[in-house]
Amino acid sequence: VLASLPLQMMLYFNVYYFPVWCLAEGMMLQLKYHLLPRHYQFLLFAAFLILSLAEGSRLYLGYVGNLQEK
C-alpha cells in the first residue's frame, strides 16, 4: 500500500491555509469580542480554541499517518 497522493496534497495545502484561517478568525474574534455578552465571549473563545487544536492535531496525524501508510 502506498501513501495517498491526493490526501497528501490536500494536507499540504491545508497546512498553509490553516494559519491564514486562524489569523482571520482571531482578528474577527478580537473585533467583536467586547460587543458580546460574557457567556458568548466564553463560548466563542472556547470554540475557537477547540477548533484550532483539533485542526492542528488532525493535520499532524493525517500527515504522519499518510506518510507512514497507516
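All values derive from a computational prediction rather than experimental measurement.

**Quick word on the UniProt feature "transmembrane region" (unreviewed entry) in the protein chain**
Logical step 1: Listed under "transmembrane region" (unreviewed entry) in the UniProt record, and renumbered for this structure, are residues 12-30 and 42-61.
Logical step 2: End-to-end, the C-alpha atoms of residues 12-30 are 28 Å apart, and along that stretch the chain is 100% helix and 0% strand.
Logical step 3: Across residues 42-61, helical content stands at 100% and strand content at 0%; the span's end C-alpha atoms are separated by 28 Å.

**Regarding the packing of helix H1 (residues 5-32) against helix H2 (residues 38-67)**
Logical step 1: As a packed pair, H1 and H2 sit with axes 10 Å apart at the nearest point and diverge in direction by 170°. As judged from the angle between their axes, H1 and H2 are roughly antiparallel.
Logical step 2: Split by residue class, the contact of H1 with H2 holds 15 nonpolar, 7 polar and 4 charged.

What counts, and at which threshold
- Residues numbered from 1 in each chain as written.
- Predicted model: local features only at pLDDT ≥ 70, side-chain atom pairs only at ≥ 80, totals over all residues.
- Heavy atoms only, no water.
- UniProt positions renumbered as here; feature names shortened; annotations may be inferred.
- Helix = DSSP H or I, 4+ residues; strand = E, 2+ residues; numbered from the N terminus.
- Axes fitted to C-alpha atoms, helices over the stretch in contact; angles between N-to-C directions.
- Parallel < 35°, antiparallel > 145°, perpendicular 65-115°, else oblique.
- Nonpolar A, V, L, I, M, F, W, Y, C, P; charged D, E, K, R; others polar.

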